[in-house]
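The chain contents come next:
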Amino acid sequence: MPSAFIILAALSWGFISIFTKKLTSYGFTEMEIVTIRVVYAWILLFPLTFLQKKQAMFKIKLKHLPFFVGTGLLSIVFFNWCYFTAINQLSVSLAVMLLYTSPAFVAILSYFILKEKLSLKKFFAIIVTITGCTLIAISSSGGGTSWNWGGFIIGLGAGLGYALYSIFGKLALKHYDSLTITFYTFLVASVSLAPFFHFWRKMSDFTIENHLYMIGLATVPTVLAYLLYTIGLNKVESSTAAILATMEPVAAILVGIILFKEDIVILQFIGILFILSSVFILSIKRKTKGDLSKRISKEF
């Protein structure tokens, strides 16, 4: 089931707090952690791609370079910059809510760029998803939410950047496989970030455990997650994939409750139910007469 790849990717992204909290305790800044994430991911992807024994996987046409600038620079780098800036200027909960406006951005961009239909079911699922994320954000704010229009616009930029991976990834899939796309996405992101954030200067006294967390960050919520997500895009419309990916905040909240002993209030729980409901809505398929006849023929 292609949708399962998208959901598994989202769950993998939800585990990112396990690694980021630990790396923060080691003294890394947010953007240094982002740089560690993309550089280590590219290092892991290089042998994985090479072992495929297909030299064609390393070859891309120059005219297709904008696809990887889109996934690597406009999505990965731009999204992270907007997201962390919004967290600094607004509350974390409001920044998360603005990030998950991405399904709406994807639905709109997919309609104009990819010519995908915006069905009533998909539109309703978007509304339910955004409602769930809003409830989670409101319940987390504690009434002390800071606000400014600059942070709000940048927060919407995070949602846009998050959405752009679905759009550029779908365009790239017409010419390349998921591994090639992920490989060049993180190559572009690494080249864009590494010259400005010299994280390796803090690694002289690191233990094996420190490096394992860095490798873990690059593996679970990065390489694995993006490969699963890109594979899922092969069979799932971009707008549907973006909605399914909102399982990420559900996973993140569960990690917080189980591992970091964070409390959950009733509004957060209701928000989780809303997000799960949107996934259920998308999983419902309308049975046509052809589908019914095929089912009957199999049973007899």
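If you're wondering where the values come from, they're calculated on a predicted model, not measured in any experiment.

## Thoughts on helix α10 (residues 208-233)
Stage number 1. The end-to-end C-alpha distance of α10 is 36 Å, a good match for the 38 Å that 26 residues give at a rise of 1.5 Å each.
Stage number 2. At Thr 219, α10 is deflected by roughly 35°, the largest bend along its length, and proline Pro 221 occurs up to four residues later in sequence.

## Observations regarding the pattern of salt bridges
Stage number 1. Within this structure, the stated rule accounts for two salt bridges.
Stage number 2. Lys 202 is the partner of Glu 32 in a salt bridge, and the nearest nitrogen-oxygen pair spans 2.8 Å. Here Glu 32 is found in helix α3 (residues 30-50), whereas its partner Lys 202 is found in the loop between α9 (178-193) and α10, with 170 residues between them in sequence.
Stage number 3. Relative accessible area serves as the criterion here: at 10%, Glu 32 is assigned to the buried category.
Stage number 4. Lys 122 serves as the salt-bridge partner of Glu 237, at 2.3 Å between the closest nitrogen and oxygen. Of this pair, Glu 237 sits in the loop between α10 and α11 (238-244) while Lys 122 sits in helix α7 (residues 120-141), and the two are 115 residues apart along the sequence.

## Some points on a nonpolar patch on the surface
Stage number 1. Taken together, the side chains of Ile 138, Ile 264, Val 265, Ile 266, Leu 267, Phe 269, Ile 270, Leu 273 and Leu 276 define a hydrophobic patch exposed on the protein surface, amounting to about 730 Å² of accessible area.
Stage number 2. Broken down by element, the residue count for the nonpolar patch peaks at six residues, all from helix α13 (residues 266-283).
Stage number 3. Mapped onto the fold, Phe 269 is located in helix α13.
Stage number 4. What makes Phe 269 partly exposed here is its relative accessible area of 44%.

## A word on the packing of α3 against α10
Each packed pair of helices is defined by two parameters, the angle between the axes and the distance between the axes.
Stage number 1. Packing of α3 against α10 leaves a shortest axis separation of 8 Å and a crossing angle of 70°. With respect to their mutual orientation, α3 and α10 come out roughly perpendicular. Along its contact with α3, which presents Ile 33, Ile 36, Arg 37, Tyr 40, Ala 41, Leu 44, Leu 45 and Leu 48, the element α10 presents His 211, Met 214, Ile 215, Leu 217, Ala 218, Thr 219, Pro 221, Thr 222, Val 223, Tyr 226 and Leu 227.

## Some points on the confidence of the model for the chain
Stage number 1. Mean pLDDT over the chain stands at 82; residues scoring 70 or higher make up 89%.
Stage number 2. The lowest-confidence element of the chain is helix α14 (residues 289-299), averaging 36 in pLDDT; the highest-confidence one is α9, averaging 90.
Stage number 3. Segment residues 287-300 is flagged for pLDDT under 50; beyond a separation of four residues in sequence, or across chains, it makes one contact in the model.

## Details of helix α12 (residues 247-258)
Stage number 1. The end-to-end C-alpha separation of α12 is 17 Å, in line with the 16 Å expected for twelve residues at 1.5 Å each.
Stage number 2. Listing the buried residues of α12 in full gives Met 247, Glu 248, Pro 249, Val 250, Ala 251, Ile 253, Val 255 and Gly 256.

## Some words on the packing of helix α2 (residues 16-25) against α10
Stage number 1. Between α2 and α10, the shortest axis-to-axis distance is 9 Å and the interhelical angle comes to 150°. Our pair here, α2 against α10, has a crossing hand that is left-handed. Between α2 and α10, the residues in contact are Ile 16, Ile 18, Phe 19, Thr 20, Lys 22 and Leu 23 and Glu 209, Asn 210, Tyr 213, Met 214, Gly 216, Leu 217, Val 220 and Pro 221, respectively.
Stage number 2. A per-class count over the contact of α2 with α10 returns nine nonpolar, three polar and two charged.

## With respect to the packing of aromatic side chains
How two aromatic rings sit relative to each other is set out by the distance from centre to centre and by the angle between their planes.
Stage number 1. This model, assessed by the stated rule, comprises 21 aromatic pairs.
Stage number 2. Aromatic side chains Phe 19 and Tyr 213 sit 6.4 Å apart centroid to centroid with 70° between the ring planes, which places their arrangement in the edge-to-face category. Of this pair, Phe 19 sits in helix α2 while Tyr 213 sits in helix α10, and the two are 194 residues apart along the sequence.
Stage number 3. You can call Tyr 213 partly exposed: its relative accessible area is 24%.
Stage number 4. Summarising the aromatic geometry, the rings of Tyr 26 and Tyr 213 are spaced 6.5 Å apart at their centres and angled 75° between planes, so their arrangement reads as edge-to-face. Placement of Tyr 26 in the loop between α2 and α3 and of Tyr 213 in helix α10 is noted, with a sequence separation of 187 residues between them.
Stage number 5. Ring-pair connections join several aromatic residues into one group, and the members of that group are Trp 13, Phe 79, Tyr 83, Tyr 162, Tyr 165, Phe 186, Tyr 226 and Tyr 229.

## Focus on the environment of Ala 242
Stage number 1. With respect to the helices and strands, the residue Ala 242 is situated in helix α11.
Stage number 2. Considering only alpha carbons, one finds Ala 242 and Val 106, 136 residues apart in sequence, at a separation of 6.9 Å.
Stage number 3. If we ignore the near neighbours within four places in the chain, the residues touching Ala 242 are Pro 103, Val 106, Ser 166 and Tyr 229.

## Considerations on the environment of Gly 151
Stage number 1. Here Gly 151 shows up in helix α8 (residues 149-172).
Stage number 2. Assessed through its relative accessible area of 0%, Gly 151 is described here as buried.
Stage number 3. On a C-alpha basis, the gap between Gly 151 and Cys 82 in space is 8.9 Å, while along the polypeptide they are 69 residues apart.

Thresholds, definitions, all that
Residues numbered from 1 in each chain as written. Predicted model: local features only at pLDDT ≥ 70, side-chain atom pairs only at ≥ 80, totals over all residues. Heavy atoms only, no water. Helix = DSSP H or I, 4+ residues; strand = E, 2+ residues; numbered from the N terminus. Expected span 1.5 Å × (residues − 1). Bend = angle between axes of the 7 residues up to and from the residue. Salt bridge = Lys/Arg side-chain N within 4 Å of Asp/Glu carboxyl O. Buried < 20%, exposed > 50% of the residue type's maximum accessible area, 1.4 Å probe, protein only. Patch = residues over 30% accessible without salt bridge, like charges linked within 9 Å, V, L, I, M, F, W, Y side chains within 5 Å. Areas by Shrake-Rupley, 256 points an atom, 1.4 Å probe, with all protein chains shown as cover. Axes fitted to C-alpha atoms, helices over the stretch in contact; angles between N-to-C directions. Parallel < 35°, antiparallel > 145°, perpendicular 65-115°, else oblique. Contact = heavy atoms within 4.5 Å. pLDDT = per-residue confidence, 0-100. Left-handed = near helix turned anticlockwise from the far one by under 90°. Nonpolar A, V, L, I, M, F, W, Y, C, P; charged D, E, K, R; others polar. Phe/Tyr/Trp six-rings, centres within 6.5 Å; stacked < 30°, edge-to-face > 60°.

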